[in-house]
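# Fold and contact review
This is what each chain is made of:
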Amino acid sequence: MSDIAIASTVPQPRSGALAIDAYVPGGSAAPAGVKLYKLSSNETPLGPSPSAIEAFRAAADTLEIYPEGSSRVLREAIGRAHGLDPERIVCGAGSDELLSLIANAYLGPGDEGLFTEHGFLVYKIAILAAGATPVVAPETALTADVDAILARVTPKTRVVFLANPNNPTGTYLPFDEVKRLHAGLPRTTLLVLDAAYAEYVRANDYAAGIELVSGAENVVMTRTFSKVFGLASLRIGWLYGPAGVVDALNRIRGPFNVSGPAIAAGAAAIADRAHIDAAVEHNARWLGELTEGVRGLGLEVTPSVANFVLIHFPKEAGRTAADADAFLTSRGLILRAVKSYGLPDALRLSIGTEEANRAVLAALAEFMAGGRVG
């Protein structure tokens, strides 16, 4: 029987679904007997707030009960932390779910979703899953380019996704540039500001997007509890948006899309200002030290404002990014290969503990001096 005949006898996914390259997370395994330093997923080395852990454990007493369907307690905690109206906040199973909800609500066949050249891979997945067409705008010096984005906007452009700061490059657009981008978009185009790493940014010209969302009907900002708050395993994200967008997303999201333990832990985590500050201070120290340390080895590092750095390796045999990845992995140092982001000659290094950071600098020095696996 032909493949066509077989295909006609089984359920078929919507056209384009099988064109999606599934998202591949960062590695998390080291060779047997070697201490693991997982520096591939931008997780905070300080872990979650003790208050969040306590709240999570307390929630174990009521696991048989459905969570409150709108994540009200968490939305109110976010509102207090940022001075926002909880009614304009939507919570989700990580910001990834919210990005997919946006695509499902605002994109369909014949529509276009736009993102930048080295933007977060989930944007393309969400656009294709909604049946729409992904459009890529080139970047300049690994940074989003407002003019390039606007040049690719058409009457079909329904959503523009902007990671700011961007993953995996760590670069960002100043707020004036974000406002210029918004001003150049049609009012019918939704601008999605993905600010997953906003808490780490110390640049005076940066803003996550709250001000822009507050005064516009076609801008939303997404955030996550997976990074600075150390709750990646619980999958908590949130979105701040106009009433119309919030209403649309609440109509299509799952009624209990955030678990009770996640709601409790998230509300406790965002209230622990001291723990957040400690995580940001640790990151600021080591972001600078790792950047200068790696550059001192003769390697290029893209300037980053997030909790990771992008390291570029030469194409010279024995010193490529793939060679470095194999060498570091043999020593238990797991970085993120970013070939899928169009960056085959680079590795992304998350800021880790002091022990992990010093270990990766020492290993890179050994590698650049001619060290090889085995």
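Residues numbered from 1 in each chain as written. Predicted model: local features only at pLDDT ≥ 70, side-chain atom pairs only at ≥ 80, totals over all residues. Heavy atoms only, no water.

### Re the UniProt feature "domain: Aminotransferase class I/classII large" (unreviewed entry) in the protein chain
- As annotated by UniProt and renumbered to match this structure, "domain: Aminotransferase class I/classII large" (unreviewed entry) occupies residues 36-364.
- When the span residues 36-364 is considered, its composition is 39% helix and 17% strand, and the gap between its end C-alpha atoms is 16 Å. (UniProt positions renumbered as here; feature names shortened; annotations may be inferred. Helix = DSSP H or I, 4+ residues; strand = E, 2+ residues; numbered from the N terminus.)

### A word on empty space enclosed by the protein
- With the rule as written, the count across this model stands at two cavities of 30 Å³ or more.
- What lines the largest cavity is simply Thr116, Leu142, Thr143, Ala144, Leu162, Ala163, Asn164, Asn166, Thr169, Thr171, Tyr172 and Leu173.
- Here the lining of the largest cavity is composed, by residue class, of six nonpolar, six polar and no charged.
- Considered as a void within the structure, the second largest cavity measures approximately 50 Å³ in volume.
- Forming the boundary of the second largest cavity are Thr44, Pro45, Tyr200, Ala279, His282, Asn283, Asn307 and Ile351.
- Split into classes, the residues belonging to the lining of the second largest cavity amount to four nonpolar, four polar and no charged. (1 Å grid on protein atoms, 1.4 Å probe; cavity = no way out; pocket = protein on both sides within 12 Å on 5 of 7 lines; lining within 4 Å. Points joined across faces, edges and corners; volume = space filled by probe spheres on them. Nonpolar A, V, L, I, M, F, W, Y, C, P; charged D, E, K, R; others polar.)

### Comments concerning the packing of aromatic side chains
- Summed over all chains, the structure comprises nine aromatic pairs.
- Ring centres 4.7 Å apart and planes at 25° place the aromatic pair Tyr66 and Phe256 in the stacked group. Within this pair, whereas Tyr66 is found in the loop between helix 2 (50-58) and helix 3 (72-82), its partner Phe256 is found in the loop between helix 9 (243-252) and helix 10 (260-271), the two being separated by 190 residues in sequence.
- Between Phe327 and Phe367, the ring centres sit 5.6 Å apart and the planes meet at 45°, which makes this aromatic pair tilted. Of this pair, Phe327 sits in helix 12 (residues 321-330) while Phe367 sits in helix 13 (residues 354-368); the two residues are 40 residues apart in sequence, bridging distant segments of the chain.
- Among the aromatic side chains, those forming a connected cluster through ring pairs are Phe115, Phe120, Tyr123 and Phe161.
- One cation-aromatic arrangement involves Arg348 over Phe308; the distance from NZ or CZ to the ring centre is 5.7 Å. (Phe/Tyr/Trp six-rings, centres within 6.5 Å; stacked < 30°, edge-to-face > 60°. Lys NZ or Arg CZ within 6 Å of the ring centre and 35° of its normal.)

### A few points about the UniProt feature "modified residue: N6-(pyridoxal phosphate)lysine" (unreviewed entry) in the protein chain
- Under the feature "modified residue: N6-(pyridoxal phosphate)lysine" (unreviewed entry), the UniProt entry names Lys227.
- Excluding anything up to four places from it in sequence, Lys227 contacts Ser41, Asn42, Thr44, Ala196, Tyr197 and Tyr200. (Contact = heavy atoms within 4.5 Å.)

### Here's the deal with the sheet that holds strand 10 (residues 308-312)
- Read from one edge to the other, the open sheet built from four strands follows the order 9-10-13-12, with strand pairing classed as antiparallel. The open sheet has two edge strands with one neighbour each: strand 9 (300-302) and strand 12 (336-337).
- Pairing between strand 10 and strand 13 (residues 346-350): five bridges, direction antiparallel. Looking across to strand 13, one finds that Val309 is bridged to Leu349.
- Running at roughly 10° to strand 10, helix 11 (residues 273-295) makes contact with strand 9, strand 10 and strand 13 of the sheet. (Pairing = 2+ DSSP bridges. Axes fitted to C-alpha atoms, helices over the stretch in contact; angles between N-to-C directions.)

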